[in-house]
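Letter by letter, the chains look like this.
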Amino acid sequence: MRALLAFSTLAACGPPPPLSPGSAPTWRPLIDRAAWAPVPPEADPLASHRPPDLRCDPEAWGDEGLATEIRTESCDYLALSQPLGEGIHPGDLLRVTFGWGQLRAPAPAEGHIALLVQDTVIAERTLEIPGPAEAHTFTTLATHAFPEATPVILHVHNHGANTWQLYDFARRP
């Protein structure tokens, strides 16, 4: 099931500082950048995107300070997973921030980045390559409940030597 998403240009990385007591709810992070692990092919909700000749060096992804970064020069397809840090409830506002460097390839192609909870797409972008470096923050209202520890999947595939980042996945009750 695909969620209807609205997006805005990235204004800042990460959640805002906590507000004073009695003020509006703050953003609560839902992932731990150090907790990602590769998704086995049989558990990949976007397995139809997986190339038959998959190549992916384990050093091609990791925590890069403010983001989880995937370098597609040595990994043209990757699905990572981790347990959801806390439950999501219908009506929660969800925020996802993606970024990517200048997109290059030997021939025109497409790149795709997506964040899913279980098999529900929370945010995604399909981009033409070549293309400019950008970052976008997506927000959407949760329509389903997901309990703590439900799998969160970060998916990237593209052709060419590019970098993709996930900066943020958070909820505001």
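Quick note: structure is the one above.
Residues numbered from 1 in each chain as written. Predicted model: local features only at pLDDT ≥ 70, side-chain atom pairs only at ≥ 80, totals over all residues. Heavy atoms only, no water.

Asker: Outline the overall build of the chain, supporting the account with residue identities and numerical values.
Answerer: Secondary structure assignment for the chain yields zero helices and twelve strands. Buried positions account for 43% of the 173 residues belonging to the chain. Long-range contacts, defined as pairs at least 24 residues apart, comprise 80% of the intrachain contacts of the chain with a sequence gap of at least 6. Split by element, the accessible area of the chain, about 8,700 Å² in all, is 57% carbon and sulfur. (Helix = DSSP H or I, 4+ residues; strand = E, 2+ residues; numbered from the N terminus. Buried < 20%, exposed > 50% of the residue type's maximum accessible area, 1.4 Å probe, protein only. Contact = heavy atoms within 4.5 Å. Areas by Shrake-Rupley, 256 points an atom, 1.4 Å probe, with all protein chains shown as cover.)

Asker: Please give an account of the packing of aromatic side chains that cites residues and values.
Answerer: If you walk through the whole model with that rule in mind, you get two aromatic pairs. Residues Phe98 and Phe138 carry aromatic rings whose centres are separated by 5.7 Å and whose planes lie at 70° to one another, so their mutual orientation is edge-to-face. Placement of the pair is Phe98 in strand S7 (residues 93–100) and Phe138 in strand S10 (residues 134–141), with a sequence separation of 40 residues. An angle of 45° between the planes, with centres 5.9 Å apart, marks the rings of Trp100 and Trp164 as tilted. Of this pair, Trp100 sits in strand S7 while Trp164 is found in strand S12 (residues 163–172), placing the two residues 64 residues apart along the sequence. Given the relative accessible area of 3%, Trp100 is considered buried. Residue classification places Trp164 among the buried positions, given a relative accessible area of 0%. Here the guanidinium or amino end of Arg95 rests over the ring plane of Trp27, the centre of that ring lying 4.3 Å away. (Phe/Tyr/Trp six-rings, centres within 6.5 Å; stacked < 30°, edge-to-face > 60°. Lys NZ or Arg CZ within 6 Å of the ring centre and 35° of its normal.)

Asker: I'd like a description of the side chain of Thr137, backed by residues and values.
Answerer: Looking at the secondary structure, you find Thr137 in strand S10. Engagement of the side chain of Thr137 in a polar contact is seen with the side chain of Thr97, the distance being 2.9 Å. (Polar contact = N/O pair within 3.5 Å; in protein donor to acceptor, adjacent residues only side chain to side chain.)

Asker: Give a description of the nonpolar core that names residues and reports values.
Answerer: In terms of nonpolar packing, the biggest core is built from 33 residues, with Trp36, Ile88, Phe98, Leu115, Leu154 and Phe169 touching the most fellow members. Going through the elements one at a time, strand S6 (77–83), S7, strand S8 (109–117), strand S9 (120–129), strand S11 (151–157) and S12 are the ones with two or more residues in this core. Residues within four places of Leu154 in sequence aside, it is in contact with Trp36, Thr68, Ile70, Leu78, Ala79, Leu80, Phe98, Ile113, Ala114, Leu115 and Leu166. In terms of nonpolar packing, the next biggest core, distinct from the first, is built from eight residues, Val39, Leu116, Val121 and Ile153 among them. (Core = buried A, V, L, I, M, F, W, Y, C linked by side-chain atoms within 4.5 Å.)

Asker: If you had to explain the state of the cysteines to someone new, which residues and values would you point to?
Answerer: Joining two cysteines, a disulfide is a covalent bond between their sulfur atoms. Counted according to the given criterion, the structure contains one disulfide. Between the sulfur atoms of Cys56 and its disulfide partner Cys75 the distance amounts to 1.9 Å. Across the S-S bond of Cys56 and Cys75 the torsion is about -90°, and the bridge reads as left-handed. Of this pair, Cys56 sits in the loop between strand S3 (37–38) and strand S4 (61–63) while Cys75 sits in the loop between strand S5 (68–71) and S6; the two residues are 19 residues apart in sequence, bridging distant segments of the chain. Note on Cys56: relative accessible area 32%, which makes it partly exposed. (Disulfide = S-S within 2.5 Å.)

Asker: Help me get a handle on the sheet that holds S6, residues and values and all.
Answerer: If you walk across this open sheet you meet the five strands as S3-S6-S11-S8-S9, and the pairing is antiparallel. Two strands lie at the open edges of the sheet, namely S3 and S9, each paired on one side alone. With two bridges connecting them, S3 and S6 associate as antiparallel partners. Along S6, the bridge assignment pairs Ala37 with Ser81. (Pairing = 2+ DSSP bridges.)

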